[in-house]
Amino acid sequence: MVVCWGPVLRVLVLQAAWALGGGQVRYSVPEEAKAGTVVGRLAQDLGLEAGEAEARRLRLVAQGRRASVEVSGASGALVVSSRLDREELCGKSAPCALRLEVLVERPLRVFHVELEVTDINDNAPLFPAARKNLSLPENSPPGSRFPLEGASDADVGANAQLSYTLSPSEHFGLEVKSKDEKKMSLVLVLTKALDRETMPVHRLVVTASDGGRPSLTGTVELVISVLDANDNAPQFNQSVYKVQLPENAAPGTVLLQLTATDKDEGINREIDYLFSNAISTEVQDLFTMDRKSGEIRTTGKLDFEDVQSYDLEIEARDKGTPPLSGHCSVELEVLDVNDNAPEVWVTSLSVPVPEDAAAGTVVALLSVSDRDSGANGRVRCAVWPASPFGLVATFAGSYSLVLREALDRERVSEYEVEVRAEDGGSPPLRASRGVRVPVSDVNDNAPSFAQAVYTVLARENNAAGAELARLWARDPDEAGNGRVSYSVAEGVVGGASSGVARRPASSYVSVDAESGRLWALQPLDYEELQVLQFEVRAVDAGEPPLCGNATVQLFVVDENDNAPALLPLAGGGAGVGAAGEAASGPVSGALWAWAAWGAPAGQVVAKIRAVDADSGYNAWLRYELWEPRGKGPFRVGLYSGEVSTARALEEADGPRQRLVIVVRDHGEPARSATATLSVSLVEGAEAALAAAGSSSSSSSPGAGAGLRPAEGGAAAAAAATNVWLVVAICAVSSLFLLAVVLYGASRWAPRAAVLSGPGPATLVCASEVGSWSYSQRQSRSLCVADGAGKSDLMVFSPNFPPPPPGPAAKETQPEPPALLDTVSGPPFLAPSSSPDAPWPDAPLSSAPWAGAGGSRARPPWACGRWVLGGCLRI
């Protein structure tokens, strides 16, 4: 296998160079390079794959000056875009390095590129003037020195290293001395005494050549006039004066006072001080000199950031003819003071920031600078508030604003971040830059209801579309993430245990998707449905959507919409013909029974049975004797429905009594049903035979429900005429009659109630005024004797006055329900006049409700559905 090590070595060398360079790419390009010249393969040097430069938007960010280079979008190469003039970009600074910032996106990163513009010899030396006039006295001694202004070259390095030559002359020579690395002193030296009469004017050419290849030159013509007489020039006590002055010196500050001496006398001794013509006009505007005293003052404001030093050439000129001059140099060093505050710039900003952005996410790129130098230019940066953002220094003067902590738009939706910069001066100067960072929302909050469970009461027979309740769920997100829609979660109501067909909850109620208004789709029927429990779901419109649930317990409040329904008399020997209506008037029906002559007071003749499909007060029934009015031979138990003799029956009472009995509930308005009971009065043996016959007829198939009143009277007459025949039949058939009597007794005996149904015990409570509530998770079925089963169980504890003495006490006091014998634990029963009064705990065995022989009679309300003034745990 052949391994190509060339690319691997190049990658390793590039990584090593990157590491040694501190993560900075450096390129070099000569000035005046043509547009389109490739400076370097920037994308490749930054480690980007082919085509990745354009996909990630590789681009340059200039900092305050024209870069003259750009990034080719297709190749990712750094190319020259416009003319590169090193002298325009950097002046005399060497080396000329341009700092460039390169940005790439996805993810956002910044790279720093240093581009060095190298100098070429494109500038020739240049003298201040093409011609310079000099006046020299003829008595100037050989060796006299006359300073000249040297040439300047805009180039740097070897291209700016100048050499000077003087055209051939027997009187003059040129002396060049270096003051320092950057400055050269050019002096014209008189080598031979002058003779104005021989040569009044000397014309010389000074040539300046730079060190470039090829070398460029510049010339100046010296026109020297030889003057007669005044042969002593003023002299300064030193040739160079060095002065330091802070940049914040006020205008008018004395810089220096010069003094020059002249050995001549008279007018040739008088000296004027003035700036040399070599000083530029801009510099002369900053200073002023007193011509007589030689005092130099500032007239303008110095700025260290513009010019750090000044070189002032001073001339002392006498008033001789011709005047003679002496020269000196004043070197002024401007001292920096902390007069520039830092500057903060935002070069890139990525907003808004999603609230689920990870820590370390770059939010903005900042550039910080200070024009001062030294400690005055060193800048410290901080961000306020300190969280959740922070600053990370990426390069000298460059910072990244990054995310330090997790964001929560619901707590803070927008941040005003302030980047503060402070320099190291004394006192320090500060600057700040505000950055507004909005936080964009993500769907991170599910809708939540104010309550986990809502309890709603609705009366039955409500109108379809009636509003039941208003539900509201809160979602703190914004826009679609916080827009909530409501729906009813599909569930099933009813089942085999409740006796109600299984139907979805959405067939009963619906909820408005926008407002959360809960309304009924159909009228509710308490007899069909007592409790409807379902869930309402709130879903937001975010992606992905979030949801919250609340449970709604809808209790249907019973209305008195069912009249009592009459049941056949026990044993089936009574005919039934009854109808129910409102309390405005009874409707007649037909029932019949037998009573023996001479029956004592209190003997039960018949028992009227009725059931009400309502519940509570609406199902609590009372029985009233409508006809005959007054004191008749019979009475009806108010709550038991038992028809018993009010006194001993006599022949004067007639062969038959017609009783109209009204059964009423306690609803508002009350509903009622009426029953007509015909009681035939016969002898004791005939009554027993009639009872036996009715029992046998009821047990045979196809037997009628009872006899009509006319047929009852005919039977009584036939029995009176054939009494002996009846006795003979009874004697012959004694065994058969005994069996019939036993069978009839078993049919009329009270039966124990049976309570069936799965589920835990449930507390059923009510008040004596009829308002009630219950918590029922499972339906119970209550069956008493041969009555119809009910889907709930409610126990009544009426407030009765103490029973009067005598045999009638049994009729005025309601009997206890036979169901209580099967309930474990004592019920809570108490006669109380207050609906809120508690019931005393009394065991059932102590209740004075036992019938004759210790058996418990069936109460009239055993098959009703109502509660009054008490609680029963089942």
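Everything numeric in this text was worked out from a predicted model, so none of it was measured.

Participant: I keep staring at the overall build of the chain and nothing clicks. Help me out?
Facilitator: A count of helical and extended segments in the chain gives ten helices and 57 strands. For the chain, the residues scored as buried account for 43% of the 874 residues in total. A sequence separation of at least 24 residues applies to 68% of the contacts in the chain between residues at least 6 apart.

Participant: What am I meant to see in the pairing of strand β31 (residues 430-440) here?
Facilitator: Bridge count for strand β25 (residues 353-354) against β31 is two bridges, and the pairing is parallel. By the bridge assignment for β31, P354 is matched with S440. Where strand β30 (residues 414-423) lies against β31, nine bridges are found, and the strand directions are antiparallel. Within β31, the residue paired with E414 across the bridge is P438. Connecting the antiparallel pair β30 and β31 is a turn made up of six residues.

Participant: Explain the pairing of strand β40 (residues 517-520) to me, please; I cannot follow it from the model alone.
Facilitator: In regular strands, side chains alternate between the two faces of the sheet. Along β40, the buried face is formed by L518 and A520; none of R517 and W519, which line the opposite face, is buried. Direction of pairing for strand β34 (residues 467-470) relative to β40: antiparallel, over a ladder of three bridges. The residue bridging R470 from the neighbouring strand is R517, located in β40. With three bridges connecting them, strand β39 (residues 509-511) and β40 associate as antiparallel partners. Considered in β40, the bridge of V509 is made with A520. Counting the residues between successive antiparallel strands, the hairpin from β39 to β40 contains five residues, one of them, G516, with a positive phi of roughly 75 degrees.

Participant: In this structure, what is going on with the pattern of salt bridges? I would like to understand it.
Facilitator: Pairs may arise between side chains of opposite charge once their charged atoms sit close together. A complete count under the given rule lists 25 salt bridges for this structure. For R459, the salt bridge is made with E559, and the minimal N-O distance between the two is 2.8 Å. Taken together, the residues span a long stretch of sequence, with R459 in strand β33 (residues 453-459) and E559 in the loop between β42 (547-557) and β43 (565-567) at a distance of 100 residues. Overall, R459 belongs to the exposed group, its relative accessible area being 52%. By relative accessible area, E559 is classed as partly exposed at 24%. With its nearest N and O atoms 2.9 Å apart, the salt bridge here joins R470 to E467. For E467, a relative accessible area of 39% puts it in the partly exposed group. Through salt bridges with shared partners, one network takes in R409, E410, D441 and E478.

Participant: Help me out: how do you make sense of the packing of aromatic side chains in this one?
Facilitator: Throughout the structure, instances matching the rule amount to nine aromatic pairs. Ring pairs connect the aromatic residues F449, Y454 and Y486, which therefore count as one cluster. The lysine or arginine in question, R433, covers the ring of W345, its NZ or CZ lying 5.1 Å from the ring centre. The positively charged end of R503 is found above the aromatic ring belonging to Y508, 4.5 Å away from the centroid.

Participant: For this particular structure, what's the right way to read the sheet that holds strand β17 (residues 254-257)?
Facilitator: Adjacent strands of a sheet pair through backbone hydrogen bonds, lying either parallel or antiparallel. In spatial order, the strands read β17-β21-β20; together these three strands make up an open sheet with antiparallel pairing. Looking at strand neighbours, the two that pair on one side only are β17 and β20 (287-289), the edges of this open sheet. Taking the axes of each pair of neighbouring strands and ignoring which way they run, one obtains an average angle of 20 degrees across the sheet. The pairing of β17 with strand β21 (residues 295-298) spans three bridges and is antiparallel. Bridge assignment links V254 to a residue of β21, and that residue is R297.

Participant: Would you mind showing me how to read the environment of G654 here?
Facilitator: As for its placement among the helices and strands, G654 is situated in the loop between β50 (642-645) and β51 (656-665). Residue classification places G654 among the buried positions, given a relative accessible area of 17%. Along the chain, G654 and S680 lie 26 residues apart, while their C-alpha atoms are 8.8 Å from each other. Other than its neighbours up to four places away in sequence, G654 contacts W597 and L681.

Participant: Looking at this structure, I do not really get a nonpolar patch on the surface. What am I missing?
Facilitator: Nonpolar side chains collect at one region of the surface, where V346, L349 and V351 lie side by side and expose about 200 Å² of accessible area between them. Tracing the sequence through the fold places V351 in the loop between β24 (343-349) and β25.

Participant: Can you walk me through the sheet that holds strand β6 (residues 97-104) in this structure?
Facilitator: Here we have four strands laid out as an open sheet, ordered β1-β7-β6-β3, and mixed in their pairing. Both edges of this open sheet fall to β1 (24-30) and β3 (59-61), since each of them pairs with a single strand only. Strand-to-strand twist across the sheet, computed as the mean angle between neighbouring axes with direction ignored, equals 35 degrees. Note that β1 and strand β7 (residues 109-118) share seven bridges and pair parallel.

Participant: Help me out: how do you make sense of the confidence of the model for the chain in this one?
Facilitator: For any part of a model where pLDDT is low, the fine detail of the predicted coordinates should not be relied upon. Of all residues in the chain, 72% attain a pLDDT of 70 or more, and the chain-wide mean is 75. Taken together, the stretch residues 1-22 has pLDDT below 50 and engages in eight contacts with residues farther than four places along the chain or on a different chain. Considering only residues more than four positions removed or in separate chains, one finds that residues 695-721, a stretch of pLDDT under 50, has 24 contacts.

Participant: Hey, could you run me through the environment of L546 in this one?
Facilitator: Take L546: it is sitting in the loop between β41 (531-540) and β42. With residues up to four places along the chain from it excluded, the contact list for L546 reads N443, D444, N445, A446, P447, A538, V539 and D540.

Participant: Please explain unusual backbone geometry as it appears in this structure.
Facilitator: Across the chain, the bulk of peptide bonds are trans and the bulk of non-glycine residues have phi less than zero. With an omega of 0 degrees, the peptide bond running from W384 to P385 counts as cis. Inspection of the secondary structure puts P385 in the loop between β27 (379-384) and β28 (389-395). Cis geometry marks the peptide bond from S426 to P427; its omega dihedral reads -5 degrees. Despite not being glycine, N461 shows a phi value in the positive range, around 65 degrees. In the Ramachandran plot, A479 falls in the positive-phi region, its phi being about 55 degrees despite a non-glycine side chain. By the secondary structure assignment, A479 is in the loop between β35 (473-474) and β36 (484-488). Overall, the relative accessible area of 62% leaves A479 in the exposed class.

Rules behind the numbers
- By convention here, each chain's residues receive numbers from 1 onward along its written sequence.
- The predicted origin of the model limits local features to residues at a pLDDT of at least 70 and limits the giving and counting of side-chain atom pairs to 80 or more, whereas totals for whole chains, interfaces and linings rest on all residues.
- As a rule here, side-chain values cover all heavy atoms of the structure and leave hydrogens and water aside.
- Each helix is a run of H or I in the DSSP string that is no shorter than four residues. Each strand is a run of E no shorter than two, and both are numbered from the N terminus.
- Using a 1.4 Å probe on the protein chains alone, a residue whose accessible area is under 20% of its type maximum counts as buried, one over 50% counts as exposed, and one in between counts as partly exposed.
- Here a residue-residue contact requires only that any non-hydrogen atoms of the pair lie within 4.5 Å.
- The pairing criterion is simple: DSSP has to find at least two bridges between the two strands.
- Whenever Lys or Arg places a side-chain nitrogen within 4 Å of a carboxyl oxygen from Asp or Glu, that contact is recorded as a salt bridge.
- Only Phe, Tyr and Trp rings take part, Trp by its six-membered ring, and two of them pair if their centres are within 6.5 Å. Stacked means planes under 30 degrees apart, edge-to-face means over 60, and tilted covers everything else.
- A ring is scored as having a charge over it whenever the NZ atom of a lysine or the CZ atom of an arginine sits within 6 Å of its centre and within 35 degrees of its normal.
- Note on method: axes are straight lines fitted to C-alpha atoms, helices fitted across the in-contact stretch only, with angles between N-to-C directions ranging 0 to 180 degrees.
- Patches were defined on residues exceeding 30% relative accessible area and lacking a salt bridge, with like-charge contacts within 9 Å and nonpolar side-chain contacts (Val, Leu, Ile, Met, Phe, Trp, Tyr) within 5 Å.
- Under the convention used here, a 1.4 Å probe and the Shrake-Rupley method define accessible areas, while residue burial counts only the protein chains that appear.
- The predictor's confidence in any single residue is recorded as pLDDT, a number from 0 to 100.

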